[in-house]
Each structure stands twice: as structure tokens, then as C-alpha cells.
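Listed here are the chains, written in short residue letters.
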Amino acid sequence: MSKLLTNGCSLTWGSGLNPDTRVVDSYPYKLAKLLDAELFDLSKPGESCNYVVRTTIDFFLERLDEDLSEYIVILQLPDGNRFEYWDDDDKLKWRAVMPTQDENKNLAIM
């Protein structure tokens, strides 16, 4: 059996789908069924390209003892205006940031 790794933001995660059936209605789940593959979906709403690349690399680094040729990988890269930073003040974790503009058209961080 092959393995399918998907990663991305809300589009891959299934935002906008019926909350009760989101998992089985999302394209990663349906594609895994079509391919008869085991699904590993790392996607999260609101995340950045940094998140997608970082978590995909971490996923494979944890599996170096496996036959990685069995994996099919699909990455949906979010808008380039999203990024993440390491937050030392909040339990040492990565934080997603989406820049926005204030009423004076200055760049403001959400």
C-alpha cells in the first residue's frame, strides 16, 4: 500500500466544508481512497509556506528508517504573505502570522 502525505493551509484542510463531514469530504481523504493509500495530512488552516516546508521536512526526518519511496507527496503552498516566527514567550512554539493593513494603509501584524 502506498502512502499519501498532504500538507497545506485551509484549502487542503477542508475549510468551508460541512464541519460534520469535513474530514471525509476533503480532497486529501478522497484522493487517498482513490489511490488506496494510507493518508498523512499535516495541513492546518491559516498556516504559511514556512509551516508547510518545515513540517514536511520534520515528517520525513522522523521516518528515515522507512522506505520513503512509498510516499506520494502533495504540497499546497499558501499565499506568500503569511509567515511564522518562533515565540520564546509563549511556550516555545511556532506562531503563524498573516500581515494586514491598518486604516492608514500601513502594514500591521495581526
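Note: the structure precedes this text.
Residues numbered from 1 in each chain as written. Predicted model: local features only at pLDDT ≥ 70, side-chain atom pairs only at ≥ 80, totals over all residues. Heavy atoms only, no water.

A. Structural context of the pattern of salt bridges. Scanning all chains against the criterion turns up 6 salt bridges. For Lys3, the salt bridge is made with Glu66, and the minimal N-O distance between the two is 3.2 Å. With Lys3 in strand E1 (residues 3-7) and Glu66 in the loop between helix H4 (49-61) and strand E3 (71-75), this pair connects stretches of sequence that are 63 residues apart. For Glu66, a relative accessible area of 30% translates into the label partly exposed. What you see here is one network of salt bridges that share partners, running through Lys3, Glu62, Arg63, Glu66 and Glu70. (Salt bridge = Lys/Arg side-chain N within 4 Å of Asp/Glu carboxyl O. Helix = DSSP H or I, 4+ residues; strand = E, 2+ residues; numbered from the N terminus. Buried < 20%, exposed > 50% of the residue type's maximum accessible area, 1.4 Å probe, protein only.)

B. Structural context of the packing of aromatic side chains. Counting across every chain of the model gives 5 aromatic pairs. Residues Phe59 and Tyr71 carry aromatic rings whose centres are separated by 5.7 Å and whose planes lie at 85° to one another, so their mutual orientation is edge-to-face. Of the two residues, Phe59 sits in helix H4 while Tyr71 sits in strand E3, which places them 12 residues apart along the sequence. Classification of Phe59 by relative accessible area gives buried; the value is 5%. (Phe/Tyr/Trp six-rings, centres within 6.5 Å; stacked < 30°, edge-to-face > 60°.)

C. Just a nonpolar patch on the surface, in detail. A surface patch of nonpolar side chains, about 700 Å² in accessible area, is lined by Val53, Ile57, Leu61, Leu64, Leu68, Val73, Leu75 and Leu77. At the level of secondary structure, the elements contributing two or more residues to the nonpolar patch comprise H4 and E3. Counting residues per element, the nonpolar patch draws most heavily on H4, which supplies 3 residues. Relative to the helices and strands, Leu77 is located in the loop between E3 and strand E4 (83-87). (Patch = residues over 30% accessible without salt bridge, like charges linked within 9 Å, V, L, I, M, F, W, Y side chains within 5 Å. Areas by Shrake-Rupley, 256 points an atom, 1.4 Å probe, with all protein chains shown as cover.)

D. Structural view of the sheet that holds E3. Judged by pairing direction, the sheet is parallel, and its 3 strands sit side by side in the order E2-E1-E3 without closing on themselves. At either end of the open sheet lies a strand with only one pairing partner, and these are strand E2 (38-41) and E3. Between one strand axis and the next, the sheet turns by 15° as a mean value, whatever way the strands run. Bridge count for E1 against E3 is 5 bridges, and the pairing is parallel. For Lys3, the partnering residue across the bridge sits in E3 and is Tyr71. Seen against the sheet, H4 touches E1, E2 and E3 and runs at an angle of roughly 150° to E1. (Pairing = 2+ DSSP bridges. Axes fitted to C-alpha atoms, helices over the stretch in contact; angles between N-to-C directions. Contact = heavy atoms within 4.5 Å.)

E. Summary view of H4. Its 13 residues place the ends of H4 18 Å apart at the C-alpha level, agreeing with the 18 Å of an ideal helix rising 1.5 Å per residue. Tyr51, Val52, Thr55, Thr56, Phe59 and Phe60 are the residues of H4 that are buried. The buried side chains of H4 occupy one side of the element, clustering within an arc of 145° when seen end-on. Of the surrounding elements, those touching the buried residues of H4 are E1, E2, E3 and E4. (Expected span 1.5 Å × (residues − 1). Arc of directions from axis to C-beta.)

So yeah, pure geometry; function would need other evidence.
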